Amino acid sequence: MATLLKQPLKLALVQLASGVDKAANLSHARTKVLEAAKAGQSSSCSLNASTLRTARSTLPKQAPSFHALSALAAEAKSYLVGGSIPEYEPTTQKYYNTSLVFSPTGALIGKHRKTHLFDIDIPGKIRFKESETLSPGNKVTIIDLPEYGKIGLSICYDIRFPETAMIAARNGAFLLVYPGAFNMTTGPLHWSLLGRARAVDNQVYVALCSPARDLNASYHAWGHSFIANPNAEVLTEADEKEDIVYADLDNETIENTRKGIPIYTQRRFDVYPDVSAGKIRFEE
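Note that the structure is a prediction, hence the values are computed from the model and not measured.

The rules behind these values
Residues numbered from 1 in each chain as written. Predicted model: local features only at pLDDT ≥ 70, side-chain atom pairs only at ≥ 80, totals over all residues. Heavy atoms only, no water. Helix = DSSP H or I, 4+ residues; strand = E, 2+ residues; numbered from the N terminus. Expected span 1.5 Å × (residues − 1). Buried < 20%, exposed > 50% of the residue type's maximum accessible area, 1.4 Å probe, protein only. Arc of directions from axis to C-beta. Core = buried A, V, L, I, M, F, W, Y, C linked by side-chain atoms within 4.5 Å. Salt bridge = Lys/Arg side-chain N within 4 Å of Asp/Glu carboxyl O. Axes fitted to C-alpha atoms, helices over the stretch in contact; angles between N-to-C directions. Parallel < 35°, antiparallel > 145°, perpendicular 65-115°, else oblique. Left-handed = near helix turned anticlockwise from the far one by under 90°. Contact = heavy atoms within 4.5 Å. Nonpolar A, V, L, I, M, F, W, Y, C, P; charged D, E, K, R; others polar. Pairing = 2+ DSSP bridges.

**Student:** Would you mind showing me how to read helix 2 (residues 64–76) here?
**Tutor:** Structurally, the α-helix is built with 3.6 residues per turn, so residues lying three or four positions apart point the same way. Relative to the 18 Å expected for 13 residues at 1.5 Å per residue, helix 2 spans 18 Å between its end C-alpha atoms, a close match to the ideal helical length. Looking only at helix 2, the buried set comprises S65, F66, L69, S70, L72, A73 and A76. Buried positions in helix 2, seen along its axis, are confined to an arc of 165° and lie on one side of it.

**Student:** Would you mind showing me how to read the nonpolar core here?
**Tutor:** Nonpolar side chains in soluble globular proteins generally cluster together in the buried interior. Ranked by internal contacts, the top residues of the largest apolar core, which has 25 residues, are L11, L13, Y148, I151, F174, L175 and L249. Contributing elements (two or more residues each) for this core: strand 1 (9–15), strand 3 (79–89), strand 8 (140–145), strand 9 (149–153), strand 10 (173–179), strand 11 (205–209) and strand 14 (243–249). The next biggest cluster of nonpolar side chains, apart from the first, holds 23 residues, and it includes C156, W191, F226 and A228.

**Student:** How should the pattern of salt bridges be read in this particular structure?
**Tutor:** Any two side chains of opposite charge can pair, on the condition that their charged atoms come close. On inspection of all chains with the given rule, the structure shows 13 salt bridges. Two residues, K114 and E130, come together in a salt bridge whose shortest N-O distance is 2.9 Å. Pair noted here: K114 is in the loop between strand 5 (108–113) and strand 6 (119–122) and E130 is in the loop between strand 7 (126–129) and strand 8, with a separation of 16 residues, a long-range link. Take K114: its relative accessible area is 3%, and that puts it in the buried class. Overall, the relative accessible area of 15% leaves E130 in the buried class. Salt bridges here are not isolated pairs; linked through shared partners, they connect E87, E89, K111 and R113.

**Student:** Would you explain unusual backbone geometry in this entry?
**Tutor:** Across the chain, the bulk of peptide bonds are trans and the bulk of non-glycine residues have phi less than zero. For C156, which is not glycine, the phi dihedral falls at a positive 45°. Mapping C156 onto the fold places it in the loop between strand 9 and helix 3 (162–170). Since its relative accessible area comes to 16%, C156 is described here as buried. We note that H224 has phi near 60°; this positive angle belongs to a residue other than glycine. With respect to the secondary-structure elements, H224 resides in the loop between strand 11 and strand 12 (226–228).

**Student:** Got a minute to help me understand the packing of helix 1 (residues 22–40) against helix 2 in this structure?
**Tutor:** Two packed helices can be described by the angle between their axes and the distance between those axes. Viewed as axis vectors pointing N to C, helix 1 and helix 2 meet at an angle of 20°, and their least axial separation amounts to 10 Å. Classed by the angle they form, the pair helix 1 and helix 2 counts as roughly parallel. Where helix 1 crosses over helix 2, the handedness of that crossing is right-handed. Along the contact surface, helix 1 presents K22, L26, A29, R30, V33, L34 and A37, while helix 2 presents P64, S65, A68, L72, E75 and A76. Along the lines of polarity and charge, the residues of the contact of helix 1 with helix 2 split into 9 nonpolar, 1 polar and 3 charged.

**Student:** So what exactly am I meant to see when it comes to the pairing of strand 1 here?
**Tutor:** Walk down a regular strand and you will see the side chains alternate between the two sheet faces. Most of strand 1 is tucked away: 6 of the 7 residues are buried. Where strand 1 meets strand 14, 7 bridges bridge the pair, whose relative direction is antiparallel. The partner of L11 across the bridge, within strand 14, is A247.

**Student:** Help me out: how do you make sense of the sheet that holds strand 15 (residues 282–283) in this one?
**Tutor:** Think of a sheet as strands paired side by side through backbone hydrogen bonds, with each pair either parallel or antiparallel. Reading across from one edge, 13-12-11-10-9-8-15 is the order of the 7 strands in this open sheet, with mixed pairing throughout. If you trace the sheet from one side to the other, it starts and ends with strand 13 (234–237) and strand 15, each paired once. As defined by bridge partners, strand 9 adjoins strand 10 across 4 bridges and the pair is classed as parallel. Across the sheet, residue I151 finds its bridge partner in strand 10, namely L175. Sheet strands in contact with helix 3 are strand 8, strand 9, strand 10 and strand 15, and its direction is about 150° off that of strand 10. Sheet strands in contact with helix 4 (residues 186–202) are strand 10, strand 11, strand 12 and strand 13, and its direction is about 160° off that of strand 11.

Right, dumping it as structure tokens:
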């Protein structure tokens, strides 16, 4: 059985509260991420950066949020997943919902553009179309953390589509990370269900990181950032308030889960196709 996670990892989810002042949000994010890194030492911190949202920014080098996250990863000496912020692509004049991954030196080592956009139009009830503002990403994102292994990265609504999780897991990811902001309807219904489903389907760790809930804001996030193990057990979970939650990840747990329920050796690709074996566009 292949070793997916090369050495134990402490994962921290920083569930941030934020306001309308971007500079203040960035400063507050720095404080909380450094707090998480100090507690975890050589940890990989997943930061929900919907709190760092900046309008009409270009990435990577022109965006204040990019510089703040890069500097923060280097200061914390940790891998940092910051998601998500609007990305403007000048060559195509398109906007994307993008999550960034930085190394402990502050180098950008990967990014994910949200692949699935939430469009709904029910006459007389609700109309909401992300596609009127954003363009969809068109690649599966798997990022290598050299000391630890591979992680799969998606954003919010992407979690409802299990194919990208399967592709990442079958290509050696030990962890799936989903920055997201479910609301007060979809949150209690599906937030935990979807995260735990992706964990048990693929027998990997799964982390969902949300903003904290602000009832004075126009959008009320569910919160409840959590980490599930490969057996779909919730290891740690925040409530709706600002918080930092931690979990220790290890390869032995992945191996023992897969030995106990050996779905990886018992799939019937003679009966149905392997979604990870087709032509796939990967983020490099």
